[in-house]
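# Commentary on secondary and tertiary structure
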There are 2 protein chains.
Amino acid sequence: MERTPRERMVYSCAQLVRTRGATGTSVRDVVEHAHAPRGSFQHYFPGGKDQLVGEAVLWGADFAVERVRAYRRTARRPTPSGLFRHMAGQWKDEFTQRGFERGCPIMAATADLAGTGSKVRAQLAEGLRRWERAVAEELVAMDVPARRARRLATVMISALEGAIMSARLHEDVAPLTAVAATLAPVLDG
Amino acid sequence: MERTPRERMVYSCAQLVRTRGATGTSVRDVVEHAHAPRGSFQHYFPGGKDQLVGEAVLWGADFAVERVRAYRRTARRPTPSGLFRHMAGQWKDEFTQRGFERGCPIMAATADLAGTGSKVRAQLAEGLRRWERAVAEELVAMDVPARRARRLATVMISALEGAIMSARLHEDVAPLTAVAATLAPVLDG
DNA sequence: TCACGGGTATGACGATTGTCATGAGGCTAC
DNA sequence: GTAGCCTCATGACAATCGTCATACCCGTGA
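Per an unreviewed UniProt entry, chain A is named Transcriptional regulator, TetR family, and its organism is Pseudonocardia thermophila.

This part covers the protein's contact with DNA strand C. In the vicinity of DNA strand C lie 16 residues, with Arg28, Gln42 and Lys49 of chain A together with Pro37 and Ser40 of chain B positioned nearest. Within 4 Å of the protein, atoms of DNA strand C come from sugar and phosphate in 46% of cases. Between DNA strand C and Val27 of chain A there is a distance of 3.2 Å, counted from a phosphate oxygen to a backbone nitrogen or oxygen. One of the side-chain N or O atoms of Arg38 of chain A is found 3.5 Å from a base oxygen in DNA strand C. At the level of secondary structure, the elements contributing two or more residues to the surface near DNA strand C comprise helix H2 (27-33) and helix H4 (48-74) of chain A together with helix H3 (41-44) of chain B. Per-element accounting of the surface near DNA strand C gives the leading share, three residues, to H3 of chain B. Among the residues making up the surface near DNA strand C, the classes are represented as three nonpolar, eight polar and five charged.

Further remarks concern the UniProt feature "domain: Transcriptional regulator LmrA/YxaF-like C-terminal" (unreviewed entry) in chain A. UniProt records the feature "domain: Transcriptional regulator LmrA/YxaF-like C-terminal" (unreviewed entry) for residues 83-181 of chain A in the present numbering. Taken end to end, residues 83-181 of chain A has its terminal C-alpha atoms 12 Å apart, with 81% of it in helix and 0% in strand.

Let us look at the state of the cysteines. Residue and element names in this part refer to chain A. Considering all chains together, one arrives at zero disulfides over all chains under this definition. Cysteine Cys104 remains unbridged, with the sulfur of Cys13 as its closest cysteine sulfur at 14 Å. Since its relative accessible area comes to 5%, Cys104 is described here as buried.

This model, assessed by the stated rule, comprises ten aromatic pairs over all chains. Judged by centre distance (5.5 Å) and plane angle (15°), the ring pair of Trp59 of chain A and Phe63 of chain A falls under stacked. Note that Trp59 of chain A and Phe63 of chain A are positioned in helix H4 at a spacing of four residues, about one turn of the helix. Both rings, one in Tyr11 of chain B and one in Trp59 of chain B, keep their centres 5.3 Å apart while their planes meet at 80°; by these two values the pair is edge-to-face. On the criterion of sequence distance, the pair formed by Tyr11 of chain B in helix H1 (residues 5-20) and Trp59 of chain B in helix H4 (residues 48-74) is long-range, its members being 48 residues apart. The exposure class assigned to Tyr11 of chain B is partly exposed, which follows from its relative accessible area of 33%. A relative accessible area of 32% means that Trp59 of chain B is categorised as partly exposed.

What follows covers unusual backbone geometry. All names here are of chain B. Positive phi, normally seen in glycine, also occurs at His35, with a value near 50°. Checked against the element boundaries, His35 lands in the loop between helix H2 (27-33) and H3. By relative accessible area, His35 is classed as exposed at 68%. For Glu171, which is not glycine, the phi dihedral falls at a positive 50°.

This next bit is on helix H8 (residues 146-170) of chain A. Each α-helix turn comprises 3.6 residues. Residues three or four places apart therefore point the same way. All names here are of chain A. Compared with an ideal rise of 1.5 Å per residue, which puts 25 residues at 36 Å, H8 spans 36 Å between its outermost C-alpha atoms and is within 8% of the ideal. Counting buried residues in H8 gives 19 out of 25 residues, a clear majority hidden from the surface. With its phi angle positive at about 50°, Glu171 sits one or two positions after the end of H8.

Attention now moves to the interface of chain A and chain B. Each partner contributes to the interface: chain A provides 42 residues, whereas chain B provides 42 residues. The junction of chain A with chain B conceals about 3,600 Å² of combined surface from both sides, 68% of it contributed by carbon and sulfur atoms. Across the chain A-chain B interface, the total number found is two salt bridges. Taking the shortest distance from any N to any O, the salt bridge between Arg121 of chain A and Glu171 of chain B comes out at 3.6 Å. There are ten residue pairs in polar contact (both at pLDDT 80 or more) connecting chain A and chain B.

This brings us to the protein's contact with DNA strand D. Around DNA strand D sit 17 residues, and of these Pro37 and Ser40 of chain A together with Arg28, Gln42 and Lys49 of chain B come closest. Among the atoms of DNA strand D close to the protein, meaning within 4 Å, 48% are from sugar or phosphate groups. Interatomic distance of 3.2 Å between a side-chain N/O atom of Arg28 of chain A and a base nitrogen of DNA strand D. In this structure, Val27 of chain B approaches DNA strand D through a main-chain N or O atom, which is 3.2 Å from a phosphate oxygen. Counting residues per element, the surface near DNA strand D draws most heavily on helix H3 (residues 41-44) of chain A, at three residues. In terms of residue class, the surface near DNA strand D is built from four nonpolar, eight polar and five charged.

So, on to the UniProt feature "domain: HTH tetR-type" (unreviewed entry) in chain A. Within the UniProt annotation, "domain: HTH tetR-type" (unreviewed entry) is assigned to residues 15-55 of chain A. With 61% helix and 0% strand, residues 15-55 of chain A has its two end C-alpha atoms placed 12 Å apart.

Reading guide: rules and limits
Residues numbered from 1 in each chain as written. Chains lettered and ligands numbered in written order. Predicted model: local features only at pLDDT ≥ 70, side-chain atom pairs only at ≥ 80, totals over all residues. Heavy atoms only, no water. Near = heavy atom within 4 Å. Polar contact = N/O pair within 3.5 Å; in protein donor to acceptor, adjacent residues only side chain to side chain. Helix = DSSP H or I, 4+ residues; strand = E, 2+ residues; numbered from the N terminus. Nonpolar A, V, L, I, M, F, W, Y, C, P; charged D, E, K, R; others polar. UniProt positions renumbered as here; feature names shortened; annotations may be inferred. Disulfide = S-S within 2.5 Å. Buried < 20%, exposed > 50% of the residue type's maximum accessible area, 1.4 Å probe, protein only. Phe/Tyr/Trp six-rings, centres within 6.5 Å; stacked < 30°, edge-to-face > 60°. Expected span 1.5 Å × (residues − 1). Contact = heavy atoms within 4.5 Å. Buried area = accessible area lost by both parts, 1.4 Å probe. Salt bridge = Lys/Arg side-chain N within 4 Å of Asp/Glu carboxyl O.

Okay, structure coming up:
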């Protein structure tokens, strides 16, 4: 199923962080979840837990970036609202197929670490920036002016993140449908 | 400012949770932050940490509800976009005046506890529901149809929560301004 | 006066946390 | 062979976690 023990640890860390939060995830749990040798953690991550969580967060961000880019390849006639529906739809699939236990790793880590002087903060900001840039680039490819594209990207990601949180609490994907439907005219207008 | 030790503990818990997350907040820290006698915690909160965090989360939700209701009293000509700008504006004030360390307690606790079988989950859902209902009620008072009001309330809170997260990571209130400006035509239309 | 109980104080418990020290396998290079 | 490095194994460390047990203080009511 997976790659090297190191990659598995990063992946497992991302999965655990987005369900239990960064502080609620212990390195021992990550090692066990990844079926990785316990002694390898300190070998691959001499920077300790911060390094592991930082890489997990960036992994999640790059995963989201890839999802965003995938839309252009699947859509016959790409539109901003279509991209947003694409992003929201993938979270609806996640929730309906795997339940509401897992959220967004960036949000999870931000909630725990943004207020503390953690070193992971920088990687969280970097991850969000990559995600926003990817969305903005896709919008520009749909002939949206660059300035407006950046603003819409911020709004799309904000609304999506909030809807994810709301959906998890309500255990209902309705918020995701709501934001997608409501924002559609603004995005395309 | 100065209430009973019990109230101070709930308030302090909310403040700590929204900066370090629920798992990252220890009861000892709460007791110290509240300048409360350490032995009083188990006396006022026989339900343990879950009870304390649960009450803190509901406290935060009711605080948000009151903020929402306050708009009608201050605005001369209330509009949906005005209400949303009001909500976003208070968070801009929070960030510019007190820094980006503190976020929304509901989001913070959700990130940590929504994926675990915690008893606090129910109170998180209840808190969000109160907040959404308050916003919807204000919209109805502005002659927005009930069904549309509920949908817009979900969208407003989702966008706001996501913008809060984005603002904290970027250490910039721009996302809050962006969502407020972008959503305005949809809300009033 | 004395019993009572709400509030406070203090210490300890077992469990878990992140991190480190130490050492053993197993492979390549010489 | 054997030296050396990458990888893994194991145990222990101090610190912190949530929780509990116990006892003290002190105002009130009988």
